[in-house]
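Report on the structure
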Amino acid sequence: MRASDAFDEWAADGRDKGMEQRHWHTAKHALGRMPIEDGDTVLDLGCGSGYAARAMVAAGGAGRAYGLDGSPEMAHNAREYTDDPRVGFVVGDFEALPFPADNIDHVFSMEAFYYAGDPMAALSELRRVLRPGGTFYCAVDFYADNPHTAEWTDYVELPMTRWSREEYRTRFREAGLHVAEQEAIPDEETAIPPAESFPTEDWDDRESMVEHYREYGTLLTVGVSP
Ligand SMILES: C[S@@+](CC[C@H](N)C(=O)[O-])C[C@H]1O[C@@H](n2cnc3c(N)ncnc32)[C@H](O)[C@@H]1O
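Overview of the structure. Keep in mind that this is a model prediction, so the values were computed, not measured.

1. A few points about the pattern of salt bridges
Going through the model one piece at a time under the given rule, you end up with 12 salt bridges. The closest approach of N and O atoms between arginine 33 and glutamate 181, which form a salt bridge, is 2.7 Å. With arginine 33 in helix α2 (residues 15-33) and glutamate 181 in strand β6 (residues 178-185), the pair connects residues that are 148 residues apart, well separated along the chain. Overall, arginine 33 belongs to the partly exposed group, its relative accessible area being 31%. Residue arginine 33 is joined to glutamate 183 by a salt bridge in which the shortest nitrogen-to-oxygen separation is 3.2 Å. Here glutamate 183 lies in strand β6 and arginine 33 lies in helix α2, a separation of 150 residues in the sequence. For glutamate 183, a relative accessible area of 35% translates into the label partly exposed. Each of Lys17, Glu20 and Arg54 takes part in a single network of salt bridges with overlapping partners.

Pasting the structure below:
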């Protein structure tokens, strides 16, 4: 199945909003660190419901935010969730961004980059559209250092790139981006039930669940365009 078809299904059955709620726990901390200046043009790569594009304008001060998604249903839903003319949504692919060179001040992406069919081509596209000094805030829960996400490949039937923390830095550098920051942002909000509730449907024991959310959380890697 193509990623866009799979995510069209997700959007149609409301999983775009479900993701927004879960991802917001850590995404808001990544968004809050972005050095957006008033009037900047920003892009949310793999925008899903479009919450990040909305937040970068409403709270971050961006003058124009684009959300890009390969799934027409996701982009359609995202459009419905805002009437702010400064926020726009486009259907497109990470490997062929529909923007001219040196056009975007900052790019955010949450739980999406690792679906890129060719992640190096996606990084090269990002470099092309970013202005010198522009940043890429790349947030992922699915990364090789977190053993609790390894089995995701069993139930998401799409190719996914499972880089480690170190590989994210290495690949960013290979694509010509400086690495300004890398950090795991813990999810302090997902409720973790008491020990006697385990095993649950998703977790064998409480320690694993604590480790997944409170220690590994979301890996944020920040690249800066030279
Ligand atoms: C797991 S969802 C995350 C959505 C949103 N960022 C969030 O935090 O809830 C990943 C999104 O990336 C999009 N996507 C995946 N691969 C893509 C690609 N190569 N080009 C464009 N969009 C892509 C999917 O359609 C999907 O909406």
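2. Regarding α2
Taking 1.5 Å as the rise per residue, α2 with 19 residues should run 27 Å; its terminal C-alpha atoms sit 26 Å apart, in good agreement. A bend of about 60° at tryptophan 24 is the largest found in α2. Buried within α2 we find Asp16, Met19, Glu20, His23, His25, Thr26, Ala27, Ala30 and Leu31.

3. A look at the packing of aromatic side chains
Applying the stated criterion across every chain, the model contains 15 aromatic pairs. With a centroid separation of 5.8 Å and 50° between ring planes, the pair formed by phenylalanine 113 and tryptophan 163 is classed as tilted. Here phenylalanine 113 is found in the loop between β4 (104-110) and α5 (119-129), whereas its partner tryptophan 163 is found in the loop between α6 (152-155) and α7 (165-174), with 50 residues between them in sequence. The burial state of phenylalanine 113 is the same as that of tryptophan 163; both residues are buried. Through a chain of ring-to-ring contacts, the aromatic side chains of Phe7, Trp10, Tyr114, Tyr115, Phe142 and Trp152 assemble into a single cluster. Positioned above the aromatic ring of tyrosine 81 is the side chain of lysine 17, whose terminal nitrogen or guanidinium carbon lies 4.3 Å from the ring centre.

4. Re the packing of helix α1 (residues 3-12) against helix α4 (residues 72-80)
Between α1 and α4, whose axes approach to 7 Å, the crossing angle comes to 35°. Between α1 and α4, the residues in contact are Phe7, Asp8, Trp10 and Ala11 and Pro72, Glu73, Met74 and Asn77, respectively. Here the residues of the contact of α1 with α4 sort into five nonpolar, one polar and two charged.

What counts as what
- Residues numbered from 1 in each chain as written.
- Predicted model: local features only at pLDDT ≥ 70, side-chain atom pairs only at ≥ 80, totals over all residues.
- Heavy atoms only, no water.
- Salt bridge = Lys/Arg side-chain N within 4 Å of Asp/Glu carboxyl O.
- Helix = DSSP H or I, 4+ residues; strand = E, 2+ residues; numbered from the N terminus.
- Buried < 20%, exposed > 50% of the residue type's maximum accessible area, 1.4 Å probe, protein only.
- Expected span 1.5 Å × (residues − 1).
- Bend = angle between axes of the 7 residues up to and from the residue.
- Phe/Tyr/Trp six-rings, centres within 6.5 Å; stacked < 30°, edge-to-face > 60°.
- Lys NZ or Arg CZ within 6 Å of the ring centre and 35° of its normal.
- Axes fitted to C-alpha atoms, helices over the stretch in contact; angles between N-to-C directions.
- Contact = heavy atoms within 4.5 Å.
- Nonpolar A, V, L, I, M, F, W, Y, C, P; charged D, E, K, R; others polar.

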